[in-house]
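What follows is each chain in one-letter form.
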Amino acid sequence: MDYSKHLRTDETPQSEPIPGTTQVQNAAGGFGWALDHWGRLDRWLILGSESGTYYTSERKLTQDNAKAVLACVQEDAARTIGTITGVSEGGRAPKNDPAIFALALCAARGPEAARRLAFQSLPAVCRIGTHLFHFMRDYEALRPAGPKAGGPHETGRYGRSVRNALAQWYRRRTPDDLVYDLIKYRQRDGWSHRDVVRLCHAEQGLDGIGRAIFKWLESGKLPVDRNTIPARIEMFETLQKETDPKAAANLIHSFRMPREAVPPELLQHATVWEALLEDMPLTAMIRNLATLTRLGIVAPLSKGTEKVVAELGNTERLLKSRVHPIAVLTAMRTYGAGRSPRTEHTWEPVGAVVDALDDAFYSAFGSLT
């Protein structure tokens, strides 16, 4: 009788641990070596837990990874916040949502040192308005204290450190960048810029153009003296009432208006999209390739195609925009298919654009720092 066959270390079934090792059972029922909480933090920040896995639900996976984040922040707050910030700023993850959630978790439930570092790192991780609104949603949901009087937008629900961090998020922007952010990322997740500014009083201590911008945000009204605010605000208000596509295109061209500032009914016109394409952020351009093609702006040998191919081939801009290779690969597969998996829209893919996306996929790996 060969009893040794039951204890061999070179032929152990995956359903059993290798004898004499510290292997643990995984969600699939097999055995492997467990990651420590630092390894789980890295994996979570890059992969997230959206839709879960074949063996684990999104809820369970998120709960397990949240425990790993808290274990890390209890052990070494500086290392944890540094890791979160590094993954986010380095563009290592296809999506920024896991880093935002982890930062909000540290700010809401971490020790005092972690909370302080988390708020200091807010501008580095939450670089645009949408990120800020995600952070506010997550932070509000994760705060351990029970509900207080008033809704989530009430100032009394937040400590001074939170309000100071939010105020600095706005004050560190130049007037031009601030206005662009206010009109591009207006609201998300039940939060708007007006809600956040009312909470943190970012206008306090400011005068001149900065205070005028926040006063417009609060009241929604233009001042009598239009010279006290940036012209882009006045033109944004004009664009909101515009019905002529050509006039709207002129405003977009002259004042670098983002797509989010354009009334939905005007987005049916190719003239408007041609103006938007002139100064469209790279990630937005990749996301809207199908629309640009359906409207005939991107077509064989067209100026629109020439513009798109040139932008995708601009490696410096590609890296600066933190476009992740997976995002480019997804766009290439979807665009090349000629049909949307979520709508009934179809289009005829332009070969030059597909080739440019293929090249951009490889170039984008240079952003993974």
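Definitions and limits used
- Residues numbered from 1 in each chain as written.
- Predicted model: local features only at pLDDT ≥ 70, side-chain atom pairs only at ≥ 80, totals over all residues.
- Heavy atoms only, no water.
- Helix = DSSP H or I, 4+ residues; strand = E, 2+ residues; numbered from the N terminus.
- Buried < 20%, exposed > 50% of the residue type's maximum accessible area, 1.4 Å probe, protein only.
- Contact = heavy atoms within 4.5 Å.
- Areas by Shrake-Rupley, 256 points an atom, 1.4 Å probe, with all protein chains shown as cover.
- Lys, Arg positive; Asp, Glu negative; His and termini not counted.
- Charge placed at Lys NZ, Arg CZ, Asp CG, Glu CD.
- 1 Å grid on protein atoms, 1.4 Å probe; cavity = no way out; pocket = protein on both sides within 12 Å on 5 of 7 lines; lining within 4 Å.
- Points joined across faces, edges and corners; volume = space filled by probe spheres on them.
- Nonpolar A, V, L, I, M, F, W, Y, C, P; charged D, E, K, R; others polar.
- Disulfide = S-S within 2.5 Å.
- Core = buried A, V, L, I, M, F, W, Y, C linked by side-chain atoms within 4.5 Å.
- Axes fitted to C-alpha atoms, helices over the stretch in contact; angles between N-to-C directions.
- Parallel < 35°, antiparallel > 145°, perpendicular 65-115°, else oblique.
- Left-handed = near helix turned anticlockwise from the far one by under 90°.
- Salt bridge = Lys/Arg side-chain N within 4 Å of Asp/Glu carboxyl O.
- Phe/Tyr/Trp six-rings, centres within 6.5 Å; stacked < 30°, edge-to-face > 60°.

## Considerations on the overall build of the chain
At step 1: A count of helical and extended segments in the chain gives 20 helices and four strands.
At step 2: Split into buried and exposed, the 369 residues of the chain put 44% on the buried side.
At step 3: Contacts spanning at least 24 positions in sequence make up 61% of the contacts within the chain whose residues lie at least 6 apart.
At step 4: In the structure as shown, the chain presents an accessible area of about 19,900 Å², 50% of it carried by carbon and sulfur atoms.
At step 5: Charge centroids of the chain, computed over 47 positive and 43 negative side chains, lie 5 Å from each other.

## Brief notes about the layout of surface pockets
At step 1: Of the voids in this model, the second largest pocket is the one considered here, and its volume is about 670 Å³.
At step 2: What lines the second largest pocket is a set of 24 residues, among which N26, A27, R40, R43 and L61 lie closest to the centre.
At step 3: For the lining of the second largest pocket, the secondary-structure elements that each account for two or more residues are strand 1 (24–25), helix 1 (37–47) and helix 2 (58–75).
At step 4: When its residues are assigned to classes, the lining of the second largest pocket shows 10 nonpolar, nine polar and five charged.

## Thoughts on the state of the cysteines
Here is the idea: a disulfide is a covalent bond, and it sits between the sulfur atoms of two cysteines.
At step 1: Tallied over the full model, the rule gives zero disulfides.
At step 2: Lacking any disulfide linkage, C106 is separated from the closest cysteine sulfur, that of C72, by 8.6 Å.
At step 3: Here C126 is not cross-linked by a disulfide; its sulfur's nearest cysteine counterpart is in C106, at 12 Å.
At step 4: Here C126 falls in the buried class, since its relative accessible area comes to 0%.

## Remarks on the nonpolar core
At step 1: Residues I84, L122, F135, Y139, L166, Y170 and L239 are the most contacted members of the largest nonpolar core, which totals 102 residues.
At step 2: Here this core takes 10 residues from helix 4 (residues 97–109), the largest share from any one element.
At step 3: Apart from residues lying up to four places away in sequence, F135 is in contact with I100, L103, A104, A107, F119, L122 and C126.

## Describing the side chain of E311
At step 1: Structurally, the position occupied by E311 is in helix 17 (residues 303–312).
At step 2: Owing to a relative accessible area of 12%, E311 belongs among the buried residues under this scheme.

## A few points about the environment of L103
At step 1: Tracing the backbone shows L103 in helix 4.
At step 2: The exposure class of L103 is buried, given its relative accessible area of 0%.
At step 3: For the pair L103 and T80, spaced 23 residues apart in sequence, the C-alpha separation works out to 9.2 Å.
At step 4: Those residues within four positions of L103 in sequence are excluded, and the remaining contacts are I81, I84, A118, S121, L122, V125 and F135.

## With respect to the packing of helix 3 (residues 77–89) against helix 5 (residues 112–120)
At step 1: For the pair helix 3 and helix 5, interaxial distance at closest approach is 9 Å and the crossing angle is 25°. On the basis of their axis angle, the class for helix 3 and helix 5 is roughly parallel. Along this stretch, helix 3 crosses helix 5, giving a crossing that reads as right-handed. Where helix 3 abuts helix 5, its residues A77, A78 and I81 lie against A113, A114, L117 and A118.

## Focus: the pattern of salt bridges
At step 1: With the rule as written, the count across this model stands at 15 salt bridges.
At step 2: Across the pair R137 and D189 runs a salt bridge whose closest N-O atoms are separated by 3.3 Å. Of this pair, R137 sits in helix 7 (residues 129–142) while D189 sits in the loop between strand 3 (187–188) and strand 4 (191–192); the two residues are 52 residues apart in sequence, bridging distant segments of the chain.
At step 3: Judged by its relative accessible area of 29%, D189 falls in the partly exposed class.
At step 4: One salt-bridge network, in which partners are shared between bridges, spans D176, R232, R256 and D279.

## Considerations on the environment of L206
At step 1: Note that L206 resides in the loop between helix 10 (193–200) and helix 11 (208–219).
At step 2: Taking the C-alpha atoms as reference, L206 lies 8.8 Å from R171; in sequence the two are 35 residues apart.
At step 3: Discounting residues that sit within four places of it in the chain, L206 has contacts with R171, R211 and F214.

## A look at the packing of aromatic side chains
At step 1: Counted according to the given criterion, the structure contains 10 aromatic pairs.
At step 2: Between F119 and Y139, the aromatic rings sit 6.0 Å apart at their centres with planes inclined by 70°, giving edge-to-face as the arrangement. Pair noted here: F119 is in helix 5 and Y139 is in helix 7, with a separation of 20 residues, a long-range link.
At step 3: Under the relative-accessibility criterion, Y139 is labelled buried at 8%.
At step 4: Taken together, a centroid distance of 6.3 Å and an interplanar angle of 90° make the contact between W216 and F236 edge-to-face.

## Some details on the environment of S363
At step 1: With respect to the helices, strands and loops of the structure, S363 is situated in helix 20 (residues 351–363).
At step 2: S363 sits in the partly exposed class, given a relative accessible area of 26%.
At step 3: In this structure S363 touches T315, L318 and L319, once residues within four positions along its chain are discounted.

## Focus on the packing of helix 7 against helix 10
At step 1: At a minimum axis separation of 11 Å, helix 7 and helix 10 run at an interaxial angle of 65°. Handedness of the crossing formed by helix 7 with helix 10: left-handed. Within the contact between the two elements, helix 7 uses G129, L132, F133 and M136 and helix 10 uses H193, V196 and L199.
At step 2: Its residues assigned to classes, the contact of helix 7 with helix 10 comprises five nonpolar, two polar and no charged.

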